[in-house]
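# Architecture at a glance
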Amino acid sequence: MNDLTQCVLTPEIPTEGFDPLGVGVHRASTIVFKDAAAYASRGDRGHEGYSYGLYGTPTTRTLEAKLTTLEGGAWTFLTPSGQAANALAVLPFLAAGDHILIADTAYPPMRDFADTDLKRLGVEVEFFDPQSPGDVAAKINEKTRIVWCESPGSTTMEIVDLPMIAAIAHQRGALVGVDNTWATPLNFKPLEHGADIVTEALTKFVSGHSDVLMGSITIKDTALLKPIRSLIGRMGIGVSPDDASLVLRGFETLGVRLRHSEKVALDFAAKIEGHPLVDQVLHPALRTFPGHTLWKRDFLGSSGVFSIVFKQDAAAHIAAALDTLEVFAIGASWGGTRSLAAPMSIDGFRTATSWDGPDVILRLSIGLEDENELWADLERFLDTLAALTTAASSGRKTKSASNG
């Protein structure tokens, strides 16, 4: 055989006896077949077979299988991001003239996707109060194809009564989808509580290192498999096996990372709750939280992410006070090893409910740093916020007195 040919052809090396703990990274676009007949019948391999890299490799299938087991589902699809998972979970089941109900506290990009793209495609979009199954019952109709939930709600952490909402939806023939990113399948299993579809932003807690983007869609029934798989194929959407290997590596430490973040976050939330500048701490595991009873009934644990609602006078100075942080980083996303703080705007993302607090609240994601140093950093932030609030109040009083 010519040297040039030998450069291209790869020798087959026996793998018997090589049994590593780590998952191999299988990179492939083309997958070859032993003969022409096998190639001609490649469609017969079904969703579990291999036919082209876009539809899966052993690396991506390993991650899909792990998620399917943890979610208690029938099959899992991987997507390039969490929001891609949300969009691709609903698109196959909607057409012009259909109706979708979405929790008012859903992830803002999901809301934007519905208001912009689903409406453009002729789908009627309506939002419901996540704390009111009665609102779902009042708004669902014969054209409703999907009821989309997120529990806890994005930033403000509302807990939905998923079993009740699922019962209402299924009675009218609608599917139920749940974005489960906050809880992960370790803390909540939506498919066991009535959901048909569950999505995860693997970008966050599951990958756990803030260096990869990926999402997942897990279905309860294989009847949903073909519509999703076909759409993903038509749109040419796939994930990198290298990225999948990073998520698989992060997955192995998810349990210990999540339990640590859960413990520290709950401790911090309880301490912050009593601060004089704080109106409310939004953390479902706090007994004072309005949705705590539902959370305790359905969830297996909590998360490292919670939000703080400051009094109106203090809220105006959050951005300036954040600049004093030394351990926390300021940034979007969450669930990595580094603790994050992010000011979040609420007012523009509510239509079925009203938000009567300040527009900007502070979301914290607790990572793996020393908790004493993290708490000292938060105290420094709170002291700065108090000083800025007092200074602004004194300035207003001085100005008022001079005007008088």
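Keep in mind that this is a model prediction, so the values were computed, not measured. Note on numbering: residues in each chain are counted from 1, in written sequence order. Only residues with pLDDT of at least 70 are given local features in this predicted model, and only at 80 or more are side-chain atom pairs given and counted; all residues enter the totals for whole chains, interfaces and linings. Water and hydrogen atoms were dropped before computing side-chain values, which therefore reflect all heavy atoms in the structure.

## Things to note about the nonpolar core
One recurring pattern in soluble globular proteins is that nonpolar side chains are buried together. Rules: We define a nonpolar core as any set of buried Ala, Val, Leu, Ile, Met, Phe, Trp, Tyr and Cys residues linked to one another through side-chain atoms lying within 4.5 Å. Relative accessible area decides the class of each residue, using a 1.4 Å probe on protein chains only: under 20% of the type maximum gives buried, over 50% gives exposed, and in between gives partly exposed. Strands here are runs of E lasting at least two residues and helices are runs of H or I lasting at least four, both read from the DSSP assignment and numbered beginning at the N terminus. Only heavy atoms matter for contacts: two residues are in contact if any of them lie within 4.5 Å across the pair.
Counting 80 residues, the largest nonpolar core has L63, I272, F306 and F310 as its most contacted members. By residue number, the principal contributor to this core is helix α11 (residues 254-273), which donates seven residues. Leave out the neighbours within four places in its chain, and F310 touches L277, V278, D279, A315, I318, P358, L362, F381, L382 and L385. Among the nonpolar cores identified, the runner-up in size contains 31 residues, and L88, A89, V123 and F127 belong to it.

## Describing the sheet that holds strand β4 (residues 144-150)
Strand pairing in a sheet relies on backbone hydrogen bonds. The paired strands run either parallel or antiparallel. Defined as follows: Any two strands with at least two DSSP-identified bridges between them are counted as paired. With axes taken as lines fitted to C-alpha atoms, and helix axes fitted only over the stretch in contact, angles between N-to-C directions fall between 0 and 180 degrees.
The strand order β1-β7-β6-β5-β4-β2-β3 describes an open sheet built from seven strands, whose pairing is mixed. Lying at the two open borders of the sheet, with one neighbouring strand each, are β1 (75-79) and β3 (124-128). Within the sheet, the average angular offset between the axes of one strand and its neighbour, ignoring direction, is 20°. Relative to strand β6 (residues 197-201), strand β5 (residues 175-179) runs parallel, the two sharing three bridges. Directly across from G177, in β6, lies its bridge partner I197. Those strands touched by helix α5 (residues 108-120) are β2 (99-103), β3 and β4, and its axis lies near 155° from that of β3. Along the sheet face, helix α7 (residues 162-171) touches β3, β4 and β5 and points at about 150° away from the line of β5.

## A word on the packing of helix α4 (residues 82-90) against α5
To keep things clear, this is the line we draw: In what follows, roughly perpendicular refers to angles from 65 to 115 degrees, roughly parallel to angles under 35, roughly antiparallel to angles over 145, and oblique to any angle outside these ranges. Less than a right angle of anticlockwise turn of the near helix away from the far helix marks a crossing as left-handed, whereas a clockwise turn marks it as right-handed. Three classes are used, and their members are as follows: Ala, Val, Leu, Ile, Met, Phe, Trp, Tyr, Cys and Pro are nonpolar, Asp, Glu, Lys and Arg are charged, and the others, Gly among them, are polar.
It is at 9 Å that the axes of α4 and α5 come closest, and there the two elements cross at 40°. In terms of orientation, α4 and α5 fall into the oblique class. Between α4 and α5 lies a crossing of right-handed hand. On α5, the residues that touch Q83, N86, A87 and V90 of α4 are P109, M110 and F113. Taken together, the residues of the contact of α4 with α5 sort by class into five nonpolar, two polar and no charged.

## A short note on the pattern of salt bridges
Convention followed: We define a salt bridge as a contact between a side-chain nitrogen of Lys or Arg and a carboxyl oxygen of Asp or Glu at a distance within 4 Å.
Throughout the structure, instances matching the rule amount to 15 salt bridges. For K311, the salt bridge goes to D279, with nearest N and O atoms at 3.2 Å. Here K311 is found in the loop between β9 (305-310) and α13 (312-315), whereas its partner D279 is found in strand β8 (residues 278-282), with 32 residues between them in sequence. R297 is the salt-bridge partner of D298, the closest N and O atoms lying 2.8 Å from each other. The class for D298 is buried, based on a relative accessible area of 6%. Within this structure, D161, R297 and D298 form a network of salt bridges that share partners.

## Brief notes about the side chain of R350
The line we're drawing: In this tally, Lys and Arg are treated as positive and Asp and Glu as negative; His is ignored, and so are the chain termini. Distance and chemistry together define a polar contact, namely a pair of N or O atoms within 3.5 Å, with one atom able to donate a hydrogen and the other to accept it when in protein, and with adjacent residues in sequence counting only for side-chain atoms on both sides.
As for its placement among the helices and strands, R350 is situated in the loop between β11 (340-345) and β12 (360-365). In this structure, R350 is buried with no salt-bridge partner, the nearest side chain bearing the opposite charge being E158 at 4.8 Å. Among the polar contacts listed, one links the side chain of R350 to the side chain of T156, at a separation of 2.7 Å. Excluding residues that lie within four positions of it along the chain, R350 makes contacts with D104, T105, R111, S154 and T156.

## Remarks on the sheet that holds β12
One open sheet holds the five strands; their spatial order is β8-β9-β12-β11-β10, and the pairing between them is mixed. Strand pairing shows two members of the sheet lacking a second neighbour, β8 and β10 (329-330), which therefore form its edges. Where β9 and β12 come together, four bridges link them in antiparallel fashion. Within β12, the residue paired with S307 across the bridge is R363.

## Regarding the pairing of β12
By the criterion of burial, β12 is predominantly enclosed, with five of the six residues buried. With six bridges joining them, β11 and β12 adopt antiparallel strand pairing. Looking across to β12, one finds that S345 is bridged to V360.

## A look at a nonpolar patch on the surface
Stated formally: Note that patches include only residues with greater than 30% relative accessible area and no salt bridge, and the join distances are 9 Å for like charges and 5 Å for nonpolar side chains (Val, Leu, Ile, Met, Phe, Trp, Tyr). Under the convention used here, a 1.4 Å probe and the Shrake-Rupley method define accessible areas, while residue burial counts only the protein chains that appear.
The grouping of M1, V8 and L9 at the surface amounts to a nonpolar patch, some 360 Å² of accessible area in total. For V8, a relative accessible area of 65% translates into the label exposed.

## Describing α5
Selection criterion: To estimate how far a helix should reach, multiply one less than its number of residues by 1.5 Å. One axis fitted to the seven residues ending at a residue, another fitted to the seven starting there: the angle between these axes is the bend at that residue.
Compared with an ideal rise of 1.5 Å per residue, which puts 13 residues at 18 Å, α5 spans 18 Å between its outermost C-alpha atoms and is within 8% of the ideal. Of all the bends found along α5, the most pronounced is centred on A114 and spans about 30°. Residues of α5 that are buried: M110, R111, F113, A114 and L118. Downstream of α5 by one or two residues, G122 has phi in the positive range, about 90°.

## Some words on the pairing of β6
Judged by how many residues are buried, β6 sits mostly within the fold: five of five residues are covered. A two-sided burial pattern is seen for β6, the buried positions comprising I197, T199 and A201 on one face and V198 and E200 on the other. As judged from the five bridges shared by β6 and strand β7 (residues 215-219), these two strands associate in the antiparallel manner. Residue I197 lies in a different strand from β7, and its bridge partner there is I219.

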